[in-house]
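Overview (structure and organization)
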Amino acid sequence: MAGVEDDGGSTEGADTLSQAPTEIVQDIFAWLDPREAARHRRLSARFGECLSNLHFAQLCLSRHLAPSPNPADPNGKSAQGVDGLHALFFTLPSNFQHAYALVRLSHTSTLALSRSNLLGSIPPAIANLSNSLVSLSLDHNNLSGSIPKELASLALIDSINLSNNALSGPIPSDTLGALTRLKFLYLDSNRLSGQLPADLGACRLLKKVHLDHNMFDGALPPEWGALAVLDSLGLSHNQLGGPIPDSWGSMKGLKILKLSHNEIAGALPTSFSDLTRLHGLFLNNNRLSGEIPPALVSLTQIYQLNLASNSLSGSVPVGLKDFTRINLLHLGENPAMERVVDAALRENDAVWHFLMEQGFRSQ
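What counts and what doesn't
- Residues numbered from 1 in each chain as written.
- Predicted model: local features only at pLDDT ≥ 70, side-chain atom pairs only at ≥ 80, totals over all residues.
- Heavy atoms only, no water.
- Helix = DSSP H or I, 4+ residues; strand = E, 2+ residues; numbered from the N terminus.
- Buried < 20%, exposed > 50% of the residue type's maximum accessible area, 1.4 Å probe, protein only.
- Contact = heavy atoms within 4.5 Å.
- Areas by Shrake-Rupley, 256 points an atom, 1.4 Å probe, with all protein chains shown as cover.
- pLDDT = per-residue confidence, 0-100.
- Phe/Tyr/Trp six-rings, centres within 6.5 Å; stacked < 30°, edge-to-face > 60°.
- Lys NZ or Arg CZ within 6 Å of the ring centre and 35° of its normal.
- Pairing = 2+ DSSP bridges.
- Core = buried A, V, L, I, M, F, W, Y, C linked by side-chain atoms within 4.5 Å.
- Polar contact = N/O pair within 3.5 Å; in protein donor to acceptor, adjacent residues only side chain to side chain.

**Quick look at the overall build of the protein chain**
Along its length, the protein chain carries nine helices and 21 strands. Relative to its 363 residues, the protein chain shows a buried fraction of 47%. Within the protein chain, residue pairs in contact and separated by at least 24 positions form 56% of the contacts whose partners lie at least 6 positions apart. Accessible area for the protein chain stands at about 16500 Å²; split by element, carbon and sulfur atoms hold 51% of it.

In structure tokens, the structure reads:
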């Protein structure tokens with residue numbers, strides 16, 4: 001055939017392609033399915049150039065993506081669930097990630113991709129959703145890498161769920177504290193490390209914070225005492241140390257506090273007497289010392305209290321007989337605590353049952 005060398009060398013067509021205007025080359029290659037495009041980066045040098053071009057990525061994606069759903073609210077915002085191309089947002093080169101955010105997600109208020117077998121990392125291109133995204137759910141996937149600092153640009157976000165992934169490293173500074181509308185934060189069951197972000201105390205609307213089952217270390221931030229409407233705080237199964245800050249007594253909305261399985265030391269703060277809504281307190285498997293303070297015994301609305309496996313001392317407070325809602329009580333494995341308890345505790349059958357099971361006895 002004319003124009004083609006017998007030895008399989010370069011063709012006249014390839015020469016023509018190398019000399020064609022960029023917009024024509026992009027128009028030709030943009031018909032490749034974006035899920036396959038990256039596999040063909042060696043097809044020609046011109047195609048390799050296309051793959052690194054944001055305009056090409058937008059053109060390619062726009063030809064293969066189905067039209068976005070109809071807006072879900074009068075403001076033109078929509079909710080995005082799982083479709084066959086969402087994995088591109090996490091695995092393709094960064095220019096495709098930016099293009100995907102611009103082409104498909106720019107008006108998305110809810111990105112719900114839980115349990116979607118996602119791989120890769122959370123792309124910095126998430127910042128392109130800053131004018132619309134309110135809820136981000138990427139939990140129960142296989143995402144790895146660090147939490148991108150670009151999350152700080154999501155000024156409208158009120159819910160973030162990244163739990164049950166393989167995210168690692170510290171939470172970037174000046175990231176979460178910028179999200180002043182945030183109400184729900186779930187980062188539990190990852191491999192996150194470093195100190196807890198003190199600037200989270202600036203998120204005054206927070207209601208639930210779950211950071212359990214990670215590798216956080218260092219002290220508990222006193223700044224979090226400003227979270228007055230927080231009702232659930234989970235920090236169990238980390239490597240946190242130091243005392244519980246007195247300022248945490250200002251978390252007056254707190255109902256559930258989980259600090260078990262850490263290295264927390266010192267006495268229980270007397271400021272806990274202000275936590276009048278507290279229902280569940282889990283401080284077991286730490287290094288707490290001293291006696292159980294009257295401030296804690298005054299919280300008679302508690303129905304679950306676990307102080308086991310610490311270094312607490314003194315006697316079991318007789319005031320526990322007034323815990324009429326109690327359905328879980330663990331005080332065992334505190335070797336320095338007196339094993340003989342006041343007979344008045346017999347007045348509460350549930351409390352007495354728990355104490356007898358744990359080896360305490362009456363006078």
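**A few points about the confidence of the model for the protein chain**
When the pLDDT values of the protein chain are averaged, the result is 86; 81% of them are 70 or greater. Considering only residues more than four positions removed or in separate chains, one finds that residues 1–11, a stretch of pLDDT under 50, has six contacts. Here residues 70–76 is modelled with pLDDT under 50, and outside its nearest four sequence neighbours on either side it reaches eight contacts, counting other chains as well.

**So, the packing of aromatic side chains**
Tallied over the entire structure, the rule returns three aromatic pairs. Here the aromatic rings of Trp224 and Trp248 are separated by 6.2 Å at their centres, their planes lie at 5°, and the arrangement is stacked. Separated by 24 residues along the polypeptide, Trp224 in the loop between strand S10 (215–219) and strand S11 (232–234) and Trp248 in the loop between strand S12 (239–242) and strand S13 (256–258) bring together distant segments of the chain. Through a chain of ring-to-ring contacts, the aromatic side chains of Phe89, Phe90 and Tyr100 assemble into a single cluster. The aromatic ring of Phe360 is capped on one face by Arg339, whose charged end is 4.0 Å from the ring centroid.

**Remarks on the sheet that holds S12**
Taken together, eight strands build an open sheet; the order of strands is S4-S6-S8-S10-S12-S14-S16-S18 and the sheet is parallel. Since the sheet does not close on itself, it has two edges, and those belong to strand S4 (144–145) and strand S18 (311–312), each with one partner. In the sheet, strand S14 (residues 263–266) pairs with strand S16 (residues 287–290) via two bridges, with the strands oriented parallel. Along S16, the bridge assignment pairs Ala265 with Arg287.

**Concerning the environment of Trp352**
If you trace the backbone, Trp352 turns up in helix H9 (residues 349–357). It is 9.8 Å that separates the C-alpha atoms of Trp352 and Leu329, two residues lying 23 residues apart in sequence. Beyond its immediate chain neighbours, meaning those up to four positions away, Trp352 contacts Val341, Asp342, Leu345, Arg346, Arg361 and Ser362.

**Quick notes on the nonpolar core**
Residues Leu185, Trp224, Leu233, Leu235, Trp248 and Leu305 are the most contacted members of the largest nonpolar core, which totals 89 residues. Looking at this core, the elements with two or more residues in it are helix H5 (54–64), helix H6 (88–91), helix H7 (94–104), helix H8 (294–297) and H9. Once residues within four sequence positions are removed from consideration, Leu235 is found in contact with Leu196, Leu211, Asp212, Leu220, Trp224, Leu240, Trp248, Lys258, Leu259 and Asn262.

**Structural notes on the side chain of Ser309**
Mapped onto the fold, Ser309 is located in the loop between strand S17 (304–306) and S18. In this structure the side chain of Ser309 is engaged in a polar contact, spanning 3.2 Å, whose partner is the side chain of Glu333. Apart from residues no more than four positions distant in its own chain, Ser309 is found in contact with Asn284, Asn285, Asn286, Gly332, Glu333 and Asn334.

**Considering the pairing of strand S8 (residues 191–195)**
When strand S6 (residues 166–169) meets S8, the two strands line up parallel, connected through two bridges. Bridging across to S8, Gly169 finds its partner in Leu192. Across three bridges, the pairing between S8 and S10 is parallel. In the strand pairing of S10, Ser193 is matched with Met215.

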